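# Breakdown of the fold
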Amino acid sequence: MRAFCFSVAVLLSLSLQANEWRQFRGPNGQGHAVEAKNLPTTWSESENVIWKAAIPGRGWSSPVFAGSTIWLTTAIEHELTSEALEAARAKKLEKNSLAKQMKVIDAVHLHAIGVNATTGEVQQNIELFKITDLEPIHSLNSYASPSPVLDGDMLYCHFGALGTACVNTQTGKIVWQVHLPCKHAVGPGTTPIIHNDLFIVNCDGMEEQYVVGLNKLTGDQVWKTPRPPMTGDNGDLHKAYSSPLFVNASGRDQIIIPGAQWVVAYDPRDGYEIWRVRHGTGFSNVPRPIAGHGMAYICTGFMAPQLWAIDLAGRGDITETHVKFKVPKQVPTMPSPVLVDDQLYFITDQGVTTSVNALTGEPIWTKRIAGNFAASPLFADGKLYFSNQEGKTTVIKPGREYDEIAVNALDGQLMASIAVLDQSLILRSQSHLYRIGQKATP
């Protein structure tokens, strides 16, 4: 009987894990669905779609869930009239080198959306903020790009400087709201994390760069740590959009956060700086770091991105002592890497896919996949999934050679990263949320 009860407990534990995807890139924040089995490898608009739900507004936040509801954020935009738009562009984009790529709107309503995981029905649509007099945003970005985070019954929705809110998912009531100053230049992108009693997020703007820990129950500031000093006086080269990663190395908790010019590890309890590495003049870092084999792997950002492997055992400025290797080319500026055993896999924004030895950085293979990429890859059920902006997801088998299994197309743009729910995939396009998998037999 004890053995039977233990077996049931283990199976229940695995089932609960399979039904939870509480943060960006899954349970460990690194794009792994460890317990996933029997996931689909082929699909289309007419094949293996359990349901397809229309999502109001526009957003690139990745879905999160625990239990029966899938949560994501969205931005419902209110356009300016043609005459007002011309005047607003002239005023807000004067001397902006990216003016042609920027979008100007009148106002935005920022919402949390709750979707029934079984039926695809939108069950909750909670307005969190209404913002007017907006700063322009890059046309490739959205006002709802940071992914939400679930902790118990609380959903934490971060929209950069536009606002941060904690929502009770059972009642739909807003628990607290705060505004964290940050001049993004092209819109928000950083996803926060929850660690013990703290909500932790980095605000790497043009004018100010800092990491802050808030009380997750009240939104009150517990600690705030400035980022390392920057060289140069061009604020556009000081901003970044990467998200924190929690790891425990040598018995010590660390929050690793790449930023412009530097990557830093902090103690999550008090924001104390554990170590820092100067990676050069890179900026606008987007990829989330990953960790394994006692190292952190980070991407250095625009303009010539590299991938650096850093020994996690260091203290202080370890630039000259703890950088184990550097991958100098074919490194992404938006999609995050993924680690499988002793191989690293990453894809550039233009679709060049590379695998290197995770211990040495030695190249193993390189292959171009058609399309443009922003979503981070997923490793699940022994397969790697790469989604592009043209709506296609390429499925490959990890290994010493490039081994393509399938290429699957959906209508619309894919920039949010895939999540895993039981034996299905949750994909978000610019207009819909999909649950991909085998339909249950009646």
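Residues numbered from 1 in each chain as written. Predicted model: local features only at pLDDT ≥ 70, side-chain atom pairs only at ≥ 80, totals over all residues. Heavy atoms only, no water.

On to the overall build of the chain, then. Scanning the chain from N- to C-terminus turns up two helices and 37 strands. For 442 residues, the compact-globule estimate of 2.2 N^0.38 gives 22 Å, and the C-alpha radius of gyration of the chain, at 21 Å, lies within 12% of that figure. The buried share among the 442 residues of the chain stands at 57%. Long-range contacts, defined as pairs at least 24 residues apart, comprise 55% of the intrachain contacts of the chain with a sequence gap of at least 6. A total of about 18600 Å² of accessible surface is found on the chain, and carbon and sulfur atoms cover 51% of it. When the 37 basic and 41 acidic side-chain charges of the chain are each reduced to a single mean position, those positions are 2 Å apart. (Helix = DSSP H or I, 4+ residues; strand = E, 2+ residues; numbered from the N terminus. Rg over C-alpha atoms; globule rule 2.2 N^0.38 Å. Buried < 20%, exposed > 50% of the residue type's maximum accessible area, 1.4 Å probe, protein only. Contact = heavy atoms within 4.5 Å. Areas by Shrake-Rupley, 256 points an atom, 1.4 Å probe, with all protein chains shown as cover. Lys, Arg positive; Asp, Glu negative; His and termini not counted. Charge placed at Lys NZ, Arg CZ, Asp CG, Glu CD.)

Here the chain shows a mean pLDDT of 93. Residues at 70 or above account for 95%. Predicted confidence is poor over residues 1-17, with pLDDT under 50, and the contacts of this stretch with residues over four places away or in other chains come to two contacts. (pLDDT = per-residue confidence, 0-100.)

A few words on empty space enclosed by the protein. A water-sized probe rolled over the atoms picks out the places where empty space is left. With the rule as written, the count across this model stands at two cavities of 30 Å³ or more. Here the largest cavity is characterised by a volume of approximately 80 Å³. Lining the largest cavity are 14 residues; nearest its centre among them are Cys182, His184, Thr190, Asn202 and Cys203. Per-class residue counts for the lining of the largest cavity are seven nonpolar, six polar and one charged. In this structure, the second largest cavity spans a volume of roughly 40 Å³. For the second largest cavity, the full set of lining residues is Trp21, Arg25, Gly31, Ser376, Pro377, Leu378, Ser417 and Ile418. Per-class residue counts for the lining of the second largest cavity are four nonpolar, three polar and one charged. (1 Å grid on protein atoms, 1.4 Å probe; cavity = no way out; pocket = protein on both sides within 12 Å on 5 of 7 lines; lining within 4 Å. Points joined across faces, edges and corners; volume = space filled by probe spheres on them. Nonpolar A, V, L, I, M, F, W, Y, C, P; charged D, E, K, R; others polar.)

Pairs of aromatic rings are described using the distance from one ring centre to the other and the angle between the two planes. The tally for this structure, following the rule as stated, stands at nine aromatic pairs. An angle of 80 degrees between the planes, with centres 6.2 Å apart, marks the rings of phenylalanine 129 and phenylalanine 159 as edge-to-face. Placement of the pair is phenylalanine 129 in strand β8 (residues 122-132) and phenylalanine 159 in the loop between β11 (154-158) and β12 (164-168), with a sequence separation of 30 residues. Judged by relative accessible area, which is 6%, phenylalanine 129 ranks as buried. Given a relative accessible area of 0%, phenylalanine 159 falls into the buried group. Residues tyrosine 156 and phenylalanine 199 carry aromatic rings whose centres are separated by 5.9 Å and whose planes lie at 35 degrees to one another, so their mutual orientation is tilted. Taken together, the positions of tyrosine 156 in strand β11 and phenylalanine 199 in strand β15 (residues 198-204) put the pair 43 residues apart, joining distant regions of the chain. (Phe/Tyr/Trp six-rings, centres within 6.5 Å; stacked < 30°, edge-to-face > 60°.)

Following the criterion strictly, the structure yields 16 salt bridges and no others. For arginine 252, the salt bridge identified is with aspartate 267, shortest N-O distance 3.8 Å. A residue pair is termed long-range when its members are at least 10 positions apart, and arginine 252 in strand β19 (residues 252-258) and aspartate 267 in the loop between β20 (262-266) and β21 (273-278) qualify at 15 residues. Residue aspartate 267 is classed as buried on the basis of its relative accessible area of 3%. (Salt bridge = Lys/Arg side-chain N within 4 Å of Asp/Glu carboxyl O.)

Attention now goes to the sheet that holds β20. On the basis of which strands lie adjacent, the open sheet formed by five strands has the order β18-β19-β20-β21-β25 and mixed pairing. Each edge of the open sheet carries a strand with a single partner, namely β18 (245-249) and β25 (316-317). As paired elements, β18 and β19 share five bridges and run antiparallel to each other. Each residue of the ladder has a partner; that of valine 247, found in β19, is glutamine 254. (Pairing = 2+ DSSP bridges.)

Ile70, Val420, Leu425 and Leu427 are the most contacted members of the largest nonpolar core, which totals 31 residues. Taken together, the elements giving at least two residues each to this core come down to β3 (49-54), β5 (69-78), β7 (107-116), β31 (378-380), β35 (419-421), β36 (424-428) and β37 (432-436). When residues no more than four places from it in sequence are discounted, the contact partners of leucine 425 are Leu39, Pro40, Trp43, Leu378, Tyr385, Ile418, Ala419, Val420, Tyr434, Arg435 and Ile436. Residues Ile126, Leu128, Ile131 and Leu162 belong to the second largest nonpolar core, which totals 22 residues. (Core = buried A, V, L, I, M, F, W, Y, C linked by side-chain atoms within 4.5 Å.)

Empty space within the largest pocket amounts to approximately 950 Å³. Taken together, 41 residues line the largest pocket, and the ones lying closest to its centre are Leu140, Val286, Phe302, Thr333 and Met334. Classifying every residue of the lining of the largest pocket by side-chain character gives 18 nonpolar, 19 polar and four charged.

Our focus in this paragraph is the sheet that holds strand β1 (residues 20-21). Paired through backbone hydrogen bonds, the strands of a sheet run either parallel or antiparallel to each other. The five strands lie next to each other as β1-β4-β5-β7-β8, forming an open sheet whose pairing is antiparallel. In this open sheet, the two strands that pair with only one neighbour each are β1 and β8. When β1 meets strand β4 (residues 64-66), the two strands line up antiparallel, connected through two bridges. By the bridge assignment, tryptophan 21 is partnered in β4 with phenylalanine 65.

Tracing the sequence through the fold places serine 336 in the loop between β26 (323-327) and β27 (338-340). Taking the relative accessible area as the measure of exposure, serine 336 reaches 1% and is therefore buried. Within the structure, the side chain of serine 336 is placed 2.9 Å from the backbone nitrogen of arginine 288, a separation counted as a polar contact. A distance of 3.0 Å separates polar atoms of two side chains, one belonging to serine 336 and the other to serine 376. (Polar contact = N/O pair within 3.5 Å; in protein donor to acceptor, adjacent residues only side chain to side chain.)

β5 sits mainly inside the fold: eight of its 10 residues count as buried. Alignment of β4 against β5, held across two bridges, turns out to be antiparallel. Note on β5: the bridge partner recorded for phenylalanine 65 is isoleucine 70. Between β4 and the antiparallel strand that follows it, β5, lie two residues; glycine 67 among them carries a positive phi value of about 90 degrees.

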